[in-house]
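Chains, contacts and geometry: an overview
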Amino acid sequence: MIRVQFFGPVAERVGACEVQVAFKAGMRLQDVREQLKTKYPAAFEIVCFAAVNGEHVRDMSLPLQEGSEVVFMSKFSGG
Amino acid sequence: MRDPVRLQQEDFSLDEEVAALRASSKRMGGIATFIGCARDFSEGRKVTQISFDAYGSMALAEMNKLRDEAIAKFALLDARIVHRVGMVRAGEQIVFIAAGAEHRAPALQACHWLIDELKQRVPIWKKEITPQGEAWVTPHP
């Protein structure tokens, strides 16, 4: 499984802080994004950044592994 | 001594943080501090509280990276960054930054750089709570 977490405004639009996506061999970050974007279009309207296993990822073709932790985030507003 | 980089629900003490910074070196000739506070008015609305959500592990890692980068970039002797999460009432403190250097210029520059970078790079989100309802804040450029 791929564990996908959401925070702040994205979590509110998804209606959950975490969902799980079934892992398939050869799966890439963009595959998870497309799958979830279809399910939660309003949330993905504001998604600007992604992280995998705690690291910022800009390359959406990054291959994922079984057990990868993915986060889709909107622009930050701390401080 | 408390960690120089922290995410915490409770308020922080300016005096304790500055004392901890000063304890790290007697060569410090300049200390610059920044405190971000919760305003009670925003975008034409009264704000009673601000709720902060964070991707905790990544936020802390990014804050530590920022501190390391600031120390290297501005030749600081020490720096501290504290950000609150959870519910903060209007008028309360949100974020603390301190930069200590041999001279004032790098301390002031580092303090300014740190808060600007924190806003861009640290995964924290704020929601303003008003008598009319709640709204996530869209970041200012």
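First things first, this report covers the structure right here in the doc. (Residues numbered from 1 in each chain as written. Chains lettered and ligands numbered in written order. Predicted model: local features only at pLDDT ≥ 70, side-chain atom pairs only at ≥ 80, totals over all residues.)

**Digging into the overall build of chain A**
Looking only at helices and strands, chain A has three helices and five strands in total. Tracing chain A from N to C terminus, the helices and strands come up as β-α-β-α-α-β-β-β. When the backbone C-alpha atoms are referred to their principal axes, chain A occupies close to 35 × 25 × 15 Å. Looking at chain A residue by residue over its 79 residues, the buried ones come to 30%. (Helix = DSSP H or I, 4+ residues; strand = E, 2+ residues; numbered from the N terminus. Buried ≥ 20, exposed ≤ 12 C-beta atoms within 10 Å, placed from the backbone.)

**With respect to the sheet that holds strand β3 (residues 49-52) of chain A**
All names here are of chain A. Reading across the sheet, the five strands line up as β2-β1-β5-β3-β4 and stay open at both edges, with mixed pairing between neighbours. The strands lining the two open edges of the sheet, one partner per strand, are β2 (18-21) and β4 (55-57). Going from strand to strand, the sheet's axes swing by 30° on average, the running direction of each strand aside. One ladder, built from three bridges, connects β3 with β4; its direction is antiparallel. In the strand pairing of β4, V52 is matched with E55. (Pairing = 2+ DSSP bridges. Axes fitted to C-alpha atoms, helices over the stretch in contact; angles between N-to-C directions.)

**Quick word on the interface of chain A and chain B**
At the junction of the two partners, chain A supplies 12 residues and chain B supplies 22 residues. Of all elements in the fold, only α1 (8-14) and β5 (69-73) of chain A reach the threshold of two or more residues within the side of chain A that touches chain B. (Contact = placed C-beta atoms within 7 Å.)

**Re the packing of helix α2 (residues 56-74) of chain B against helix α3 (residues 104-121) of chain B**
Residues and elements named next belong to chain B. Contact pair α2 / α3: the axes reach a minimum separation of 10 Å and the direction vectors enclose 150°. Between α2 and α3, the crossing angle belongs to the class labelled roughly antiparallel. Regarding α2 and α3, the two cross each other, and that crossing is right-handed. Contact residues: E62, L66, A70 and F74 in α2; P106, Q109, A110, W113, L114, E117, L118 and R121 in α3. A breakdown of the residues in the contact of α2 with α3 according to their chemical character gives eight nonpolar, one polar and three charged. (Parallel < 35°, antiparallel > 145°, perpendicular 65-115°, else oblique. Left-handed = near helix turned anticlockwise from the far one by under 90°. Nonpolar A, V, L, I, M, F, W, Y, C, P; charged D, E, K, R; others polar.)

**Re unusual backbone geometry**
Residues and elements named next belong to chain B. Even without glycine at this site, E43 takes up a positive phi of about 50°. For E43, the position within the fold is in the loop between β3 (41-42) and β4 (45-46). With 10 C-beta atoms packed within 10 Å, E43 lands in the exposed category. Phi is positive for A75, close to 50°, though the residue is something other than glycine. Within the secondary structure layout, A75 lies in the loop between α2 and β6 (78-84). Overall, the presence of 12 C-beta atoms within 10 Å leaves A75 in the exposed class.

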